[in-house]
Amino acid sequence: MTLNFSEFKRFEKQIILKKIGISGQKKIKNAKVLIIGLGGLGSPLLIYLASLGIINIGIVDFDKVELSNLHRQILFNSEDLGKYKVAQAKSKIKKIYNNAKIKTFKQKISSINVQSILNGYDIICDGTDNFSTRYIINDFCKKNKKILISAAISKFEGQIFKFNFKKNGPCFRCFMPEKPQNENNCETEGIFPPVAGVLGSFQANEVVKTILKLRDDLDNNLLLFNSLKMNLRKIKININPRCINKCR
């Protein structure tokens, strides 16, 4: 897939970067990325991926926009209240980058539909807020050798994982074998809005690094961000020999 003159002019400020160039921009254009969850994480992530020039983007969410979403879900405004997030997001992204081919899935990920939704994408971005769904996504990506970039936010903190299942290594179940009794998320714990923007941007960063095959130093790692202390901490995720996915 080539770049036309309009695309070159639109993306020239990233094309002039030595680590991207024309060949890199073609890779970005050809990538197939799925975003699961259009909340505080999915909003900035989707905006950046489209702005970078990714054509094929899938978006998954079954919710409608609520008033309490607006302080952190920057894709939406008061005119979107009561409307489905995927429909409003597609409409807005087309205004940002009309060439984007946004495929919408107005569904909740389940063991029944996970294959039909995730199959057509190489990089999966998980921004869901519950462990049951995270396990379903993780297990499918592990089995089908997808690349999984997952983030979570709560209060003043956020975390991001990256698992390249094209290589042998741990999975999310190695890190958290069982669902915790209490699920800490935005709905139950509250959230400082800039944290959502930071972690969504981190996800976009990892997507593009993956597409361009730049440094993979987040592979099989957990990156923790604390907005109050303004620090980052990286934790290596090791293989759990008792993982039900038989990681090795």
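Everything that follows concerns the structure shown earlier in this document.
K.L.:
Before we go on, may I ask you to explain the overall build of the protein chain in this structure?
P.N.:
Across its full length, the protein chain holds ten helices and eight strands. A compact globule built from 248 residues should have a C-alpha radius of gyration of about 18 Å, and the protein chain, at 18 Å, falls within 12% of that. Burial statistics for the protein chain: of 248 residues in total, 51% are counted as buried. Residue pairs at least 24 apart in sequence account for 65% of intrachain contacts in the protein chain once pairs closer than 6 positions are excluded. Mean positive and mean negative side-chain charge positions of the protein chain (42 and 20 charges, respectively) differ by 8 Å.

K.L.:
Any chance you could explain helix α7 (residues 131-143) here in plain terms?
P.N.:
Residues lying three or four places apart along an α-helix face the same way, a consequence of the helix completing one turn every 3.6 residues. The end-to-end C-alpha distance of α7, which contains 13 residues, comes to 18 Å, matching closely the 18 Å that a straight helix rising 1.5 Å per residue would cover. Those residues of α7 lying buried are F131, T133, R134, Y135, I137, N138, F140, C141 and K142. Buried positions along α7 lie against β1 (32-36), α6 (114-118), β4 (123-126), β5 (147-154) and α8 (172-175).

K.L.:
What exactly am I supposed to notice about the side chain of Q14 here?
P.N.:
Residue position: Q14 is located in helix α2 (residues 12-15). In this structure the side chain of Q14 is engaged in a polar contact, spanning 2.7 Å, whose partner is the side chain of Q25. The contacts of Q14, once residues within four sequence positions are left out, are I20, G21, Q25, I28 and L52.

K.L.:
Where do I start with the packing of aromatic side chains in this structure?
P.N.:
Geometry of an aromatic ring pair is reported as the spacing of the ring centres plus the angle between the planes. Summed over the entire model, instances satisfying the criterion amount to eleven aromatic pairs. Each ring, one from F131 and one from Y135, has its centre 6.5 Å from the other, and the planes form 40°; the classification is tilted. Of this pair, F131 and Y135 both sit in helix α7, four residues apart, which is roughly one turn of that helix. There is no split in this pair, since F131 and Y135 are both buried. Measuring from centroid to centroid gives 6.0 Å for F161 and F163, while their planes differ by 20°, and the two rings are stacked. An aromatic cluster of at least three residues, connected via ring pairs, comprises F131, Y135, F161, F163, F165, F172 and F175.

K.L.:
Explain unusual backbone geometry here, please?
P.N.:
At K213, a residue that is not glycine, the phi angle is positive and equals roughly 55°. Locating K213 in the fold gives a position in the loop between α10 (193-212) and β7 (221-226). Judged by relative accessible area, which is 74%, K213 ranks as exposed. Look at M230: it is not a glycine, yet its phi comes out positive at around 55°.

K.L.:
Explain the pattern of salt bridges here, please?
P.N.:
A side chain with one charge may pair with a side chain of the opposite charge, provided their charged atoms come close. The final tally for this structure, using the stated rule, is twelve salt bridges. Residues K13 and E12 are paired through a salt bridge, measuring 3.4 Å at the closest nitrogen-oxygen approach. Of the charged contacts in the structure, one is a salt bridge between D219 and K167, with a shortest N-O distance of 3.9 Å. Taken together, the residues D219 in the loop between α10 and β7 and K167 in the loop between β6 (157-164) and α8 connect sequence positions 52 residues apart.

K.L.:
Where do I start with the pairing of β5 in this structure?
P.N.:
Every regular strand shows the same layout, with side chains that alternate between the two sheet faces. For β5, the buried fraction is high: seven of the eight residues fall into the buried class. Bridge analysis of β4 against β5 gives four bridges, and the strand direction is parallel. Along β5, the bridge assignment pairs I124 with L148. Once you follow β4 into α7 and on to β5, the crossover reads as right-handed. Sheet topology note: the β5/β6 ladder contains eight bridges and is antiparallel.

Cut-offs and rules
- Within each chain, residue numbers correspond to sequence positions counted from 1 in written order.
- Per-residue local features of the predicted model are confined to residues with pLDDT of at least 70, and side-chain atom pairs are confined, for both listing and counting, to 80 or more; whole-chain, interface and lining totals are unaffected and use all residues.
- Side-chain measures here rest on the full set of heavy atoms in the structure, leaving out hydrogens and waters.
- Numbering of helices and strands runs from the N terminus, with a helix taken as a DSSP run of H or I at least four residues long and a strand as a DSSP run of E at least two residues long.
- Our radius of gyration is a C-alpha quantity, and the globule rule it is checked against amounts to 2.2 Å times the number of residues to the power 0.38.
- Any residue under 20% of the maximum accessible area for its type is buried, any over 50% is exposed, and the rest in between are partly exposed; the area is computed with a 1.4 Å probe on protein chains only.
- Any two residues having at least one pair of non-hydrogen atoms within 4.5 Å are treated as being in contact.
- Positive charges come from Lys and Arg, negative ones from Asp and Glu, while His and the chain ends are left out of the count.
- Charge coordinates come from a single atom per side chain, which is NZ of Lys, CZ of Arg, CG of Asp or CD of Glu.
- What a helix is expected to span follows from its residue count: subtract one and scale by 1.5 Å.
- We call two N or O atoms a polar contact when they sit within 3.5 Å, provided that within protein one can donate a hydrogen and the other can accept it, with sequence-adjacent residues counted only if both atoms are side-chain atoms.
- Stacked, tilted and edge-to-face are the three classes applied to pairs of Phe, Tyr and Trp rings, where Trp contributes its six-membered ring and a pair requires centres within 6.5 Å; stacked means planes under 30 degrees apart, edge-to-face means over 60, and tilted covers the rest.
- The salt bridge definition used is simple: a Lys or Arg side-chain nitrogen within 4 Å of an Asp or Glu carboxyl oxygen.
- One requirement defines pairing of two strands: DSSP has to find at least two bridges between them.
- Crossover handedness is defined by viewing with both strands directed away from the observer: a clockwise path from the first strand over the helix to the second marks the crossover as right-handed.

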